[in-house]
Amino acid sequence: MKVKTQPYHTSDFLSDFTTENYSVVVWQGSGVFAVDGINYSYNGYNILFLSPYQKLKLISDTEEEVAVLFFHGDYYCIEYHKEEVACNGLLFNNIYLNPGIDLTKESYEYILELFHHIKKEEAEDHQFSQSIIKTYIQLILALCSKQKRGIENSSASNEKLPNKNAAEFQKLLEMYFKSEKELSFYSDKLSITNNTLSKIVKKEFAKTPSQLINERTILESKKLLHLTYRSIKEIASELGFSDEFYFSRYFKKSVGCSPKKYREKVGISVVAQISM
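In this text, all values refer to a predicted model and were calculated from it rather than measured experimentally. (Residues numbered from 1 in each chain as written. Predicted model: local features only at pLDDT ≥ 70, side-chain atom pairs only at ≥ 80, totals over all residues. Heavy atoms only, no water.)

A. Local environment of helix H5 (residues 183-190). The complete set of buried residues in H5 reads Leu183, Phe185, Tyr186, Ser187 and Leu190. Looking at the buried side of H5, the elements it contacts are helix H4 (164-176), helix H6 (194-205) and helix H7 (209-227). One or two residues past the end of H5 sits Ser191, with phi positive at roughly 60 degrees. (Buried < 20%, exposed > 50% of the residue type's maximum accessible area, 1.4 Å probe, protein only. Helix = DSSP H or I, 4+ residues; strand = E, 2+ residues; numbered from the N terminus. Contact = heavy atoms within 4.5 Å.)

The structure is reproduced here in structure tokens:
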């Protein structure tokens, strides 16, 4: 499957839901959704962006319809189109931000209309269908990137500055996650205790430092598996694992499949071919 729109109900997401595709999930109501075990509350009209093999659970106060758009990475490459839609690292693949966005009723109905047009093009499958579908996907991602960028900019300007130590932890993590995976390394760098760092980071990002260290490592693992031709042994070494088999176990525990299976299902991006 390269692209597909699929109707569900909230009850379909009571246990872990995962796919090898990128997913855009649209629904309304109130309750809690969890992505990779991290809970987020929601209320109103919602849209959620999931990368391949991210786990979703959804607990709703009422039974509601859920519309899901799936697209495979080799059909619409978010990395290849990053200049047009700026969604990679904003809508997808950002461990520090809520993966969802609150929508207005107008935006919610418009995106559902775009889903309907995609489904119609899928069914008709004429000469121009694939180009039209990709344009609709690009429009959805661009509109939501614009809204999320506005939310982030508004938060930065209207609310108090983020905790200094939490911000410094984020910078340190981006610098050292490949080689340093112990909490004590980061707390020592910041001259605070492990407990203090954990409380600060949890308050700022709704995740513990250890969860962020793990998620950052897994995010880079997925990137290298999808965007390069490097062997699993080379990837393990780059990420600070002396043993590729330990890396495979580490990856499988978080993702639910081995690095080898992930690469087989998600594929190697056209970006890897271009950069050769």
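B. Local environment of the environment of Glu204. Summarising the element assignment, Glu204 is placed in helix H6. Spatially, the C-alpha atoms of Glu204 and Ala166 are 6.7 Å apart, while their sequence positions differ by 38 residues.

C. The environment of Leu143, seen in detail. The residue Leu143 is located in helix H3 (residues 129-158) in this model. A relative accessible area of 35% means that Leu143 is categorised as partly exposed. With 140 residues separating them in the primary sequence, Leu143 and Val3 have C-alpha atoms 19 Å apart.

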